[in-house]
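Residues per chain are reported as follows:
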Amino acid sequence: MTADSKPKTVLYRVLRFEPEGSSNPRWQEYTIPYTSGLTVLDGLWVIKEGVDPSLVWRSSCRMGICGSCGMFINGLPRLSCNTQISELGSSTVEVAPLPNFDILRDLVPDLGPMFDHHQALSPFILRPDREELEKPTAEYYQSSAEMERYLQFSYCIKCASCIAACPTVATDPVYSGPMPLAQAQRYNTDTRDDGFDIRKLALRGPQGPWRCHFAGECSRVCPKGVDPAKAIQLLRRDLVADYLRLRRPTPPAAVVEKPDDIARRPDIPEAPPATV
Amino acid sequence: MLESRGHPNRLGMRGWLFGGRWGPDRYLYSLHRITGLGLLLYFAMHIILTSSRALGQGAWEESMARVSGPLFVIGEYLVFVAFAFHAINGLRLALAEVGFGVGKPIEPIYPYRTALDEQRPIVVVAMILVALLIVVGGLDFFVWH
Ligand code: SF4
Ligand code: FES
């Protein structure tokens, strides 16, 4: 067998932590065969299925959609399902749980504090017509140009990579961090929303955007191109404009009136009944 | 709400200083904090030192003599360097932080273009200005005087 035909291997260094024991997290090494197209997540499955079934992590969709597989891989927060081993440029893959979160077990971070911050900023449409919101009779009007003002920020999958990368969060647990703040801006700029004044109160103080000093790492690591750093600066622009009374509040988008003089085309079936 | 539920893993100051594979903006962020703290320290020392004037001419001259060696000239120059960086970078940040030079929301198409790319030319101009100030300040401190 020549040197070239030897099967390639990849060395995984994985940070392990068992909450039952009293010991600190420790590195454990595994060597697995490398196959073309292997992602970091695939490699973890190879370890779990063939070497060490006790290894624990979170993942679900395997296609960069669910946001559950964020890990600290070779020194950067990334989605393990979205990271090819070949793109790391190294035959060693170092995997640790996302920093800035407590470790629950092995590669599982406690994302609870992030979601507490997220929830505190009302990440949903707020408007006075609750009845219409709960039981919609039609759509709210919104132009494409209006949608593009928040669409980028709505691609967030809550993977927490940005929080793990943020140097302010690294020393300040009170600061909300990039994801929740970007989501505040996402809903503030949605023309269907009327919650600016409510979120404005929640954004006051040390949990608000004022502790951001534009290190920009959130935008650098975001796997979905959400650019939370941009969202935070734009959020501040709106808050400053509001403080200086330069912001012109607009009423939330109205419901599009159903035209009553148009008959339904017979070849288009009625919508199925609502399931929720 | 924020109590620990597992093994603590917050990066702490390591998150500012040992960024690993991070980008230049993070180091500007760290340098901004470090120079800010340095200037604050200088300010405190300055207040304490100059307050000796209230104790009379003798006390004042004595404290001035204590800070007059070549080492202190270098120290003062470092304060000037920190000031030049902190002032120019601070102006850049003050503008960026109210949404100037960060771009508008766009459709995220890979490779992503972020607010950092929008900000990059401004960073370059700001750092050239800082370098110019440092050089001119150096000439003033060590050559022209
Ligand atoms: S903004 Fe990006 S990095 Fe942050 S949670 Fe959302 S998808 Fe993940
Ligand atoms: S497993 Fe869903 S994003 Fe990676």
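Residues numbered from 1 in each chain as written. Chains lettered and ligands numbered in written order. Predicted model: local features only at pLDDT ≥ 70, side-chain atom pairs only at ≥ 80, totals over all residues. Heavy atoms only, no water.

Some remarks on the domain arrangement of chain A
Residue and element names in this part refer to chain A.
Part 1 of the argument: Structurally, chain A comprises domain 1 (9-109) and domain 2 (112-256).
Part 2 of the argument: In this complex, domain 1 contributes 14 residues to the contact, which on the side of domain 2 involves 15 residues.
Part 3 of the argument: Around 1,000 Å² of area is buried between domain 1 and domain 2 when both sides are counted, 63% of it from carbon and sulfur atoms.
Part 4 of the argument: Three residues stand out in domain 1 for area buried against domain 2, namely Pro77, Asn100 and Phe101, and they jointly supply 49% of the buried area on that side.
Part 5 of the argument: Our count for the domain 1 to domain 2 interface comes out at zero salt bridges.
Part 6 of the argument: At the boundary of domain 1 with domain 2, the tally comes to three residue pairs in polar contact (both at pLDDT 80 or more).
Part 7 of the argument: Of the residues contributing to the side of domain 1 that touches domain 2, the split by class is eight nonpolar, five polar and one charged. (Domains from an automatic or database assignment. Contact = heavy atoms within 4.5 Å. Buried area = accessible area lost by both parts, 1.4 Å probe. Salt bridge = Lys/Arg side-chain N within 4 Å of Asp/Glu carboxyl O. Polar contact = N/O pair within 3.5 Å; in protein donor to acceptor, adjacent residues only side chain to side chain. Nonpolar A, V, L, I, M, F, W, Y, C, P; charged D, E, K, R; others polar.)

Concerning the layout of surface pockets
Residue and element names in this part refer to chain A.
Part 1 of the argument: When its volume is computed, the largest pocket comes out at roughly 770 Å³.
Part 2 of the argument: Considering the residues around the largest pocket, the lining is formed by 27 residues, among which Arg149, Asn188, Thr189, Asp238 and Arg247 are closest to the centre.
Part 3 of the argument: If you list the elements that add at least two residues to the lining of the largest pocket, you get helix H4 (144-148), helix H7 (178-188), helix H8 (196-202) and helix H10 (228-243).
Part 4 of the argument: Across the lining of the largest pocket, the residue classes tally to nine nonpolar, six polar and twelve charged. (1 Å grid on protein atoms, 1.4 Å probe; cavity = no way out; pocket = protein on both sides within 12 Å on 5 of 7 lines; lining within 4 Å. Points joined across faces, edges and corners; volume = space filled by probe spheres on them. Helix = DSSP H or I, 4+ residues; strand = E, 2+ residues; numbered from the N terminus.)

Some words on the interface of chain A and chain B
Part 1 of the argument: Contacts between chain A and chain B engage 58 residues on the former and 43 residues on the latter.
Part 2 of the argument: Taken together, the connections running from chain A to chain B amount to three salt bridges.
Part 3 of the argument: Between Arg26 of chain B and Glu217 of chain A there is a salt bridge, and its shortest N-O distance comes to 3.8 Å.
Part 4 of the argument: One can count 18 residue pairs in polar contact (both at pLDDT 80 or more) joining chain A with chain B.
Part 5 of the argument: Those elements that provide at least two residues to the side of chain A that touches chain B are strand S4 (76-79), strand S6 (103-105), helix H2 (112-120), helix H5 (161-165), helix H6 (167-171), helix H9 (217-221) and H10 of chain A.
Part 6 of the argument: Counting residues per element, the side of chain A that touches chain B draws most heavily on H10 of chain A, which supplies six residues.
Part 7 of the argument: A class-by-class count of the residues in the side of chain A that touches chain B yields 31 nonpolar, 14 polar and 13 charged.

Some points on the packing of helix H2 (residues 24-50) of chain B against helix H5 (residues 115-144) of chain B
Residues and elements named next belong to chain B.
Part 1 of the argument: Here H2 crosses H5 at 50°, and the two axes come no closer than 11 Å. By the angle between their directions, the pair H2 and H5 is classed as oblique. Between H2 and H5 lies a crossing whose hand is left-handed. Contacts between H2 and H5 pair Pro24, Asp25 and Leu28 from the former with Leu116, Arg120, Val123 and Met127 from the latter.
Part 2 of the argument: For the contact of H2 with H5, a count of residues per class yields five nonpolar, no polar and two charged. (Axes fitted to C-alpha atoms, helices over the stretch in contact; angles between N-to-C directions. Parallel < 35°, antiparallel > 145°, perpendicular 65-115°, else oblique. Left-handed = near helix turned anticlockwise from the far one by under 90°.)

Considering the pattern of salt bridges
Part 1 of the argument: Scanning the model with the defined rule gives 25 salt bridges over all chains in all.
Part 2 of the argument: Measuring nitrogen to oxygen at the nearest pair gives 2.2 Å for the salt bridge that ties Arg105 of chain A to Glu20 of chain A. Remark: Glu20 of chain A occurs in the loop between strand S1 (9-16) and strand S2 (26-33) and Arg105 of chain A occurs in strand S6; sequence separation between them is 85 residues.
Part 3 of the argument: Relative accessible area serves as the criterion here: at 26%, Arg105 of chain A is assigned to the partly exposed category.
Part 4 of the argument: Under the relative-accessibility criterion, Glu20 of chain A is labelled exposed at 61%.
Part 5 of the argument: Among the ionic pairs, Arg220 of chain A bridges to Asp25 of chain B, the shortest N-O distance being 3.2 Å. With one member in each of two chains, Arg220 of chain A in helix H9 and Asp25 of chain B in helix H2 form a pair that bridges those chains. (Buried < 20%, exposed > 50% of the residue type's maximum accessible area, 1.4 Å probe, protein only.)

Here's the deal with a nonpolar patch on the surface
Residues and elements named next belong to chain B.
Part 1 of the argument: A surface patch of nonpolar side chains, about 830 Å² in accessible area, is lined by Val73, Ile74, Leu78, Val135, Val136, Leu139, Phe142, Val143 and Trp144.
Part 2 of the argument: Secondary structure elements with two or more residues in the nonpolar patch: helix H4 (70-96) and H5.
Part 3 of the argument: For the nonpolar patch, the leading source of residues is H5, giving six residues.
Part 4 of the argument: Secondary-structure assignment places Leu139 in helix H5. (Patch = residues over 30% accessible without salt bridge, like charges linked within 9 Å, V, L, I, M, F, W, Y side chains within 5 Å. Areas by Shrake-Rupley, 256 points an atom, 1.4 Å probe, with all protein chains shown as cover.)

Re H2 of chain B
Part 1 of the argument: Over its 27 residues, H2 of chain B runs 38 Å from end to end, which matches the ideal 39 Å to within 8%, given 1.5 Å per residue.
Part 2 of the argument: Among all positions of H2 of chain B, only Asp25, Arg26, Leu28, Tyr29, Ser30, His32, Thr35 and Leu39 of chain B are buried. (Expected span 1.5 Å × (residues − 1).)

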